[in-house]
Amino acid sequence: MDTSSIGFSWLEWHFHPDVIIGVLFLETLYLLVVGPIRKRLEGSAAVEPRKIAWFTAGVIVIYVALTSAIHELSESYLFSAHMVQHLLLIVAAPPMLIAGTPSWILRPILSRRIPLIVARFITRPLVAFFIFSIVLSVWHVPYLYDLTLHARAPHILEHLLFISSSVIMWLPVMSSMPEIPRATHPVQMLYLFGLSLPMGMIGAAITFSPNILYSWYADVPRLWGLSVIEDQQIGGLIMKLLGGAAFLVVTAVIFFIWFAKDERGEIDTGRTEFLSPEE
């Protein structure tokens, strides 16, 4: 199909002011804190260029997911493209943001009793699992999913909750702060395996549904000869296979790190240098 005849182009980007303001604010604030403001903060230290690169890459991924042709495909044409966008916001950007954030940035906040109690509670593996799983599941309820495509405000809220719940979800594996300790390697592996299940179950439910779950996509132009049901099945498979595979790949990495440490006789503290080295 000639996609130009229905107004789609891979080169077309949609510059939503809210997205531009959001990512510029996030990146500017980060660069100010790790740059000129750093020396005013107690316990601060110079930030390695690779950490700045990780954080900036995470911001870029968010920007690309929300303004590029992926976003246009997601909102105007294909449910499957929306699943790709969600995976970028869940399994790609948050780990990059965490890997690029030095622990001393958050330490002033966590030095207070209430924020520390809350942070430790929500980053316990079981709690973080349920926070992420509930957010993921609720926003794939057909009514709410269609609502986000009809109104901008719910869509923004959905994306913010995806990113924030994913940051919480990744911290039991990637935290570099003793205030928010990581789980031991066996618990990390069990935790990540568990995280692959909600994506797998939601993806399977979408893939094998004989009905059109999200009415928005029944009325949009079709691309590349895909029917609504075929597009829905592909989207379900993307969530089930790619989403689940991301967690399983990290699980395998942690296993080999744990095995290597055990061979060297090191104590298992849960530390996983591959994912987020301590500065």
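Here we summarise the structure given alongside this text.

Thresholds, definitions, all that
- Residues numbered from 1 in each chain as written.
- Predicted model: local features only at pLDDT ≥ 70, side-chain atom pairs only at ≥ 80, totals over all residues.
- Heavy atoms only, no water.
- Helix = DSSP H or I, 4+ residues; strand = E, 2+ residues; numbered from the N terminus.
- Buried < 20%, exposed > 50% of the residue type's maximum accessible area, 1.4 Å probe, protein only.
- Contact = heavy atoms within 4.5 Å.
- Areas by Shrake-Rupley, 256 points an atom, 1.4 Å probe, with all protein chains shown as cover.
- Lys, Arg positive; Asp, Glu negative; His and termini not counted.
- Charge placed at Lys NZ, Arg CZ, Asp CG, Glu CD.
- Arc of directions from axis to C-beta.
- Phe/Tyr/Trp six-rings, centres within 6.5 Å; stacked < 30°, edge-to-face > 60°.

Summing up its helical and strand segments, the protein chain has 11 helices and 0 strands in all. Reading the helices (α) and strands (β) of the protein chain from amino to carboxyl end gives α-α-α-α-α-α-α-α-α-α-α. Its C-alpha atoms put the protein chain at 60 × 40 × 30 Å along the principal axes. In the protein chain, buried positions account for 47% of the 279 residues. Counting only contacts in the protein chain whose residues sit at least 6 apart along the sequence, the fraction spanning at least 24 positions is 78%. With the model as given, the accessible surface of the protein chain reaches about 13700 Å², and the carbon-plus-sulfur share is 73%. Here the protein chain contributes 17 positively and 21 negatively charged side chains, and the mean placements of these two sets differ by 13 Å.

Once that is clear, we can look at helix α8 (residues 142-150). Among all positions of α8, only Tyr145, Asp146, Thr148 and Leu149 are buried. Looking straight down α8, one finds that the buried residues subtend no more than 150 degrees of arc, so they occupy a single side. Away from its buried face by more than 90 degrees, α8 exposes Tyr143 and His150. The elements touched by buried residues of α8 are α3 (69-76), α4 (79-99) and α9 (152-174).

Next up on the list: the packing of aromatic side chains. This structure, assessed with the given rule, holds 11 aromatic pairs. Pairing Phe255 with Phe256 gives two aromatic rings, centres 5.4 Å apart and planes at 70 degrees, and the pair type is edge-to-face. Chaining the aromatic ring pairs together yields one cluster made of Phe79, Tyr145, Tyr214 and Tyr217.

Examined against the element boundaries, His71 turns out to sit in helix α3. Since its relative accessible area comes to 2%, His71 is described here as buried. Not counting chain neighbours up to four residues away, the residues in contact with His71 comprise His16, Ala65, Leu66, Gln85 and Arg152.

With that out of the way, let us pick up the environment of Trp216. Mapping Trp216 onto the fold places it in the loop between α10 (185-207) and α11 (228-264). Overall, Trp216 belongs to the partly exposed group, its relative accessible area being 22%.

Any functional reading would require information beyond the geometric quantities listed.
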